[in-house]
Amino acid sequence: MSATLPPPRLLPSGDSAVTVEFSRTIDDDANQSVLALDKALAASPIDGITESVPTYRSLLVHYDPGKIGFDALGEKLLALASQPLPPATKARRWRIPVAYGGEHGIDLEDVAKALNTTPGDIVARHVAGDYKVAMIGFTPGWSYLSGLDKSLQMSRRRNPRLLTPAGTISIGGIQAGIQCLAAPSGWHLLGRTPVRTYQLHRNPTFLTEPGDRVTFFAIDHKTFEEQDRAAEAGEIVAEQVVA
Amino acid sequence: MSRLVVASIGPASSVQDGGRHGAQRYGLTVSGAMDRLALAAANTLVGNQPFAAVVEVGPFGASFTARDGAVRVAISGAPRNADIAGSPVAMDTSVTLKDGETLTLGFARGGAFTYLAIEGGIKGEPVFGSLAVNARAGLGSPYPRPLQAGDEFTVDAASGAPELRIELPKPVSGPIRVLLGPQDDEFDDANKALFLDSEWKISATSDRMGYRLEGPAIKHLHGHNIVSDGTVNGSIQVPGNGAPIALMMDRGTSGGYPKIATVITADVGRLAQTSAGTAFRFEAVSMAEAQDEARKFAQLIRNLPDRLRSADTVALNIEALSAANVAGYAVSAVDAGTWQVAAEP
């Protein structure tokens, strides 16, 4: 679904799933093609497909081999993927509040030191970014963002932390992230958001979708506490903008 | 309503079902029973849907007591000694616990997971259609964690239906079958051959998320970092230390290590039931064969009700009897309850 990319490769992932790989590297064109194929499948479902999982560079398609075989499915997927990219639709945009630094962003000062600048400057660059949810994975609601400013790209921590808090806003390599549940991580922790990208018994359970746009804005730690309580009670404290 | 109380239970035991499907795109782990055939067999014995929620009992023992009325249950999966007040209960049969009676399960004698299905199913609050426990995400119902002594289930009173046994096909033996890929091109021929020709053992540090494999180190062609992509049950990823990990039901939905091969659907449960320390091999099969096996496996589960027999008819396994060729075995074989025990070496 892109003029700049070669046709995707079909990689067998067992007898009941196939990986449609558009690129081996993180590549925005590839991600756009992944999300376009995912949308195309949602718009015109292929009988036998049970679930699709978009990632940075590939679409994993789960299917029932009792309904469709690998070859027949592969042909249909390649045909869909060869169609021109649909015109860009209006993306949802989330404005996500973040309490930067201090106990909520324990790596902010180290990141500033490593990049020879001030914590305030790191926050300014992070807030200035225009991000896209490239994929959601690892744990529920963990949103991987593309669009991190080149000047903030730095290698991951040598020693991953065994546990980082729910709501962690972090950067790692060329990626940025919104973490929902407490989880291990080797990324650099800049702050925390009260926003729950995943919350059971809330409608919607999952806030972000692959393809959504994201920007961050800074809040003080007192506002964080207030919004955290509201979010715990089921409020969506992120602001939604339809661009 | 009756209650089924967990009187005692070992670690790694939890409520599981067919899994939580449809939200892997949001990072929601699938979870579900490690051995789907045993899950379906136990459920079929008590008239439940094949993928209804059951108790997945880990390798250690457990006991369950009926309260406030009778409870009908069935067990299938990893073989173990089972009894009610000293009276043996055979694997792959249903049995009714009278009010106050306790079903005691011993340690798994091979394999790891045994399934206790309860007539009418386990009641709870499904999330994405599933009660399956994923302890890491705090999901599952009625207890979003491994089971503990004192936990209890509110269940239907036993129907009084006649007890049944189920005749499962002879277990498949031989290598665990895999399809190479999706990233087999991240390994050279020598390392692919090393993976397929070596003997492997499952490490004792394995769990529902992944089975770590002990054997030779598999080397990557271009290093061990790939950009994360999707995983499936049975994905075999090779991290930096070269020791493969087979991803199981509690796997993350995406992962960043090259995946050399994928266990075929029909064999994921067999791998799950391979005891730690038991040597086994992998064998590569074609897509056509893997999909054929997947279809047969689905058909086997669909047709399980055809394999139900009255528990009263003696479960004489003539083939096994003549193979055993020992008088003592023949005596045991008269009692379906002890046959399973006697047939174990």
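Residues numbered from 1 in each chain as written. Chains lettered and ligands numbered in written order. Predicted model: local features only at pLDDT ≥ 70, side-chain atom pairs only at ≥ 80, totals over all residues. Heavy atoms only, no water.

A. Focus on the packing of aromatic side chains. Under the defined criterion, the tally for this structure stands at 13 aromatic pairs over all chains. Arranged with centres 5.8 Å apart and planes meeting at 45 degrees, the rings of A:F206 and B:F128 form a pair that is tilted. Pair noted here: A:F206 is in the loop between β12 (188-192) and β13 (213-218) and B:F128 is in the loop between β10 (114-118) and β11 (152-155), and the two residues belong to different chains. Connected via pairs of aromatic rings, a cluster forms that spans A:Y56, A:W142, A:Y144 and A:W187. Across from the ring centre of A:F217, 4.4 Å away, lies the NZ or CZ of A:R95, which sits over that ring. Positioned above the aromatic ring of B:F51, the side-chain terminus of B:R36 is 4.2 Å from the ring centre. (Phe/Tyr/Trp six-rings, centres within 6.5 Å; stacked < 30°, edge-to-face > 60°. Helix = DSSP H or I, 4+ residues; strand = E, 2+ residues; numbered from the N terminus. Lys NZ or Arg CZ within 6 Å of the ring centre and 35° of its normal.)

B. Structural detail: the sheet that holds strand β7 (residues 87-88) of chain B. In space, the six strands of this open sheet follow the order β7-β6-β9-β4-β1-β11 (chain B), with antiparallel pairing throughout. The open sheet has two edge strands, β7 and β11 of chain B, and neither has a second partner. (Pairing = 2+ DSSP bridges.)

C. Representation of the interface of chain B and chain A in the model. In this complex, chain B contributes 38 residues to the contact, which on the side of chain A involves 44 residues. The contact between chain B and chain A buries some 3,200 Å² in all, and 55% of this surface belongs to carbon and sulfur atoms. Contact with chain A buries surface across chain B, with B:R25, B:Y26 and B:V227 losing the most and accounting together for 24% of the total. Taking the shortest distance from any N to any O, the salt bridge between B:D185 and A:R9 comes out at 3.0 Å. Run the count over chain B and chain A and you get 20 residue pairs in polar contact (both at pLDDT 80 or more). Elements represented by at least two residues in the side of chain B that touches chain A include exactly β13 (176-180), β16 (229-230) and α4 (287-302) of chain B. Of all the elements, α4(B) adds the most residues to the side of chain B that touches chain A, at five residues. Looking at the side of chain B that touches chain A residue by residue, the classes come out as 17 nonpolar, 15 polar and six charged. (Contact = heavy atoms within 4.5 Å. Buried area = accessible area lost by both parts, 1.4 Å probe. Salt bridge = Lys/Arg side-chain N within 4 Å of Asp/Glu carboxyl O. Polar contact = N/O pair within 3.5 Å; in protein donor to acceptor, adjacent residues only side chain to side chain. Nonpolar A, V, L, I, M, F, W, Y, C, P; charged D, E, K, R; others polar.)

D. Main features of unusual backbone geometry. Across the junction of A:N203 and A:P204, the peptide omega takes the value 5 degrees, indicating a cis bond. Among the structural elements, A:P204 can be located in the loop between β12 and β13. Cis peptide bonds are those with omega within 30 degrees of zero, and the linkage from B:G181 to B:P182 qualifies with 10 degrees. The residue B:P182 is located in the loop between β13 and α2 (189-197) in this model. Backbone geometry at A:F138 places phi at a positive 75 degrees, although glycine is not the residue there. Along the polypeptide, A:F138 turns up in the loop between β6 (131-136) and β7 (143-146). In this structure A:F138 comes out as partly exposed when scored by relative accessible area, which is 30%. Unusually for a residue other than glycine, B:F128 sits at a positive phi of about 50 degrees. (Buried < 20%, exposed > 50% of the residue type's maximum accessible area, 1.4 Å probe, protein only.)

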